[in-house]
Amino acid sequence: MATIKCIGILTSGGDAPGMNAAIRAVTRAAIYNGLRVKGIYRGYKGLVTGEILEFKTQNVSNIIHQGGTILKTARCKEFTTPEGRALAYENMRKEEIDALVIIGGDGSLTGARIFAQEYDVPCIGLPGTIDNDLYGTDTTIGYDTALNTILDAVDKIRDTATSHERLFFVEVMGRDAGFLALNGAIAAGAEAAIIPEFSTEVDQLAEFIKNGFRKSKNSSIVLVAESDITGGAMALAERVKNEYPQYDVRVSILGHLQRGGRPTAHDRIIASRMGTASIEALMEGQRNVMIGIEHDEIVYVPFTKAIKNDKPIKKELVNVLNSLSI
Ligand code: ADP
């Protein structure tokens with residue numbers, strides 16, 4: 001195996017708070033271990049078009065506390081084609097990049113897996129997504145910050161929901177994963193969460209109306225995961241208007257504000273640990289793995305496993321929510 005002298009780093013797909021802390025950690029750990037670092041801008045797009053800059057330690061100064069990503073992120077159609085990936089490989093050779101660290105979600109790691117297979121390029125993935133939907137890691141970079149952002153918002157919504165005695169559906173992100181909705185509901189003291197994982201098993205809205213929304217409560221907050229499977233908050237509110245017209249229902253869609261903001265201590269720490277681990281993994285000869293954290297230990301998860309398997313959501317969490325929302 002050729003020795004690695006220079007690594008390229010990129011952030012791809014949906015942005016997440018803590019990506020900057022990860023960029024900093026990868027860059028500094030690489031330089032600490034005698035490697036050169038190149039920052040690739042706008043995800044795979046920058047690899048295809050050659051938007052690449054040599055990074056020194058100063059390039060990542062004063063970014064640990066900032067949301068977003070200094071490398072920018074993008075979705076890149078060209079990279080999904082063999083021709084686009086050929087251009088990406090050409091640019092890697094031109095820039096003398098021997099290995100890649102990719103910070104992103106499911107899609108970005110799928111791209112890395114295909115690229116690594118085609119061109120025998122060592123790739124290490126870091127799970128950067130607010131959705132927490134990658135298998136093999138207890139948590140992802142950005143998830144904790146997004147959860148806290150949801151909490152801030154729901155605390156405020158609670159004030160108005162209580163004053164007007166309303167039923168509120170608050171839609172949160174998740175892209176077919178209910179982690180933000182379910183844990184957000186527990187943390188915010190909401191009455192229920194409607195999530196894609198259980199949508200096919202039960203009619204969660206009917207269950208909630210039957211069990212949770214009592215007359216003794218003068219307001220109610222339900223967190224809904226944005227997903228075609230749940231139908232989203234708007235569709236659920238319509239159903240309530242039609243089926244349970246006695247309730248005064250309102251919708252609040254939190255949207256992109258969930259992606260922004262200062263990363264929490266937790267996200268900065270896992271980003272720093274995972275970033276450092278990515279360089280250790282490369283130096284050990286690991287390739288095509290995602291760095292995860294399980295039971296507070298760093299683990300290497302093969303791309304195929306991280307991408308293909310659905311991360312299970314604990315039913316225990318639903319029980320916690322149900323028993324505390326009486
Ligand atoms: P995320 O990483 O947040 O899941 P996306 O699903 O949008 O975000 O993926 C980010 C980028 O990863 C895509 O724009 C594309 O460039 C690349 N990618 C995703 N899927 C593939 C694929 N099957 N083959 C090659 N590249 C892919």
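Residues numbered from 1 in each chain as written. Predicted model: local features only at pLDDT ≥ 70, side-chain atom pairs only at ≥ 80, totals over all residues. Heavy atoms only, no water.

## A look at the overall build of the chain
Each helix and strand in the chain was counted, giving 12 helices and 11 strands. Relative to the 2.2 N^0.38 estimate, which gives 20 Å for 326 residues, the radius of gyration of the chain is 21 Å and therefore close to what a compact globule would have. Structurally, the chain occupies a C-alpha span of about 70 × 35 × 35 Å along its principal axes. The buried share of the chain, reckoned over its 326 residues, is 54%. For the chain, the accessible surface area stands at approximately 14,400 Å², while carbon and sulfur atoms represent 50% of it. Each charge sign in the chain was given a centre, from 36 positive and 40 negative side chains, and these centres are 3 Å apart. (Helix = DSSP H or I, 4+ residues; strand = E, 2+ residues; numbered from the N terminus. Rg over C-alpha atoms; globule rule 2.2 N^0.38 Å. Buried < 20%, exposed > 50% of the residue type's maximum accessible area, 1.4 Å probe, protein only. Areas by Shrake-Rupley, 256 points an atom, 1.4 Å probe, with all protein chains shown as cover. Lys, Arg positive; Asp, Glu negative; His and termini not counted. Charge placed at Lys NZ, Arg CZ, Asp CG, Glu CD.)

## Considerations on the nonpolar core
Ranked by internal contacts, the top residues of the largest apolar core, which has 66 residues, are Ile7, Leu126, Val170, Val172, Leu180, Ile221 and Leu223. Looking at this core element by element, the count peaks at 9 residues for helix α5 (residues 143–164). Residue-level mapping places this core at the junction of two domains, with at least three residues from each of domain 1 (6–142 + 263–308) and domain 2 (144–259). If sequence neighbours within four positions are ignored, Val172 has contacts with Ile150, Leu180, Ala181, Leu223, Val224, Ala225, Glu226, Leu254 and Gln258. Membership of the second largest hydrophobic core comes to 26 residues, among which are Cys6, Phe79, Ile97 and Phe303. (Core = buried A, V, L, I, M, F, W, Y, C linked by side-chain atoms within 4.5 Å. Domains from an automatic or database assignment. Contact = heavy atoms within 4.5 Å.)

## Digging into the side chain of Thr149
Summarising the element assignment, Thr149 is placed in helix α5. You can call Thr149 buried: its relative accessible area is 17%.

## Quick word on the packing of helix α6 (residues 179–188) against helix α12 (residues 315–324)
The angle between the axes and the distance between the axes are what describe a pair of packed helices. Their axes nearest at 10 Å, the elements α6 and α12 cross at an angle of 35°. For α6 against α12, the interelement crossing comes out left-handed. Contacts between α6 and α12 pair Leu182, Asn183, Ala185 and Ile186 from the former with Leu317, Val318, Val320 and Leu321 from the latter. Residue composition of the contact of α6 with α12, by class: 7 nonpolar, 1 polar and no charged. (Axes fitted to C-alpha atoms, helices over the stretch in contact; angles between N-to-C directions. Left-handed = near helix turned anticlockwise from the far one by under 90°. Nonpolar A, V, L, I, M, F, W, Y, C, P; charged D, E, K, R; others polar.)

## A few points about the domain arrangement of the chain
On domain assignment, one finds that the chain holds domain 1 (6–142 + 263–308) and domain 2 (144–259). Between domain 1 and domain 2, the C-alpha centre-to-centre distance is 33 Å. If you sort the residues of domain 1 by the area they bury against domain 2, Ile130, Asp131 and Thr264 come out on top, with a joint share of 43%. Where domain 1 meets domain 2, there are 2 salt bridges. Among the ionic pairs, Asp15 bridges to Arg259, the shortest N-O distance being 3.9 Å. Where domain 1 packs against domain 2, one counts 8 residue pairs in polar contact (both at pLDDT 80 or more). For the side of domain 1 that touches domain 2, the residue count by class is 4 nonpolar, 5 polar and 5 charged. (Buried area = accessible area lost by both parts, 1.4 Å probe. Salt bridge = Lys/Arg side-chain N within 4 Å of Asp/Glu carboxyl O. Polar contact = N/O pair within 3.5 Å; in protein donor to acceptor, adjacent residues only side chain to side chain.)

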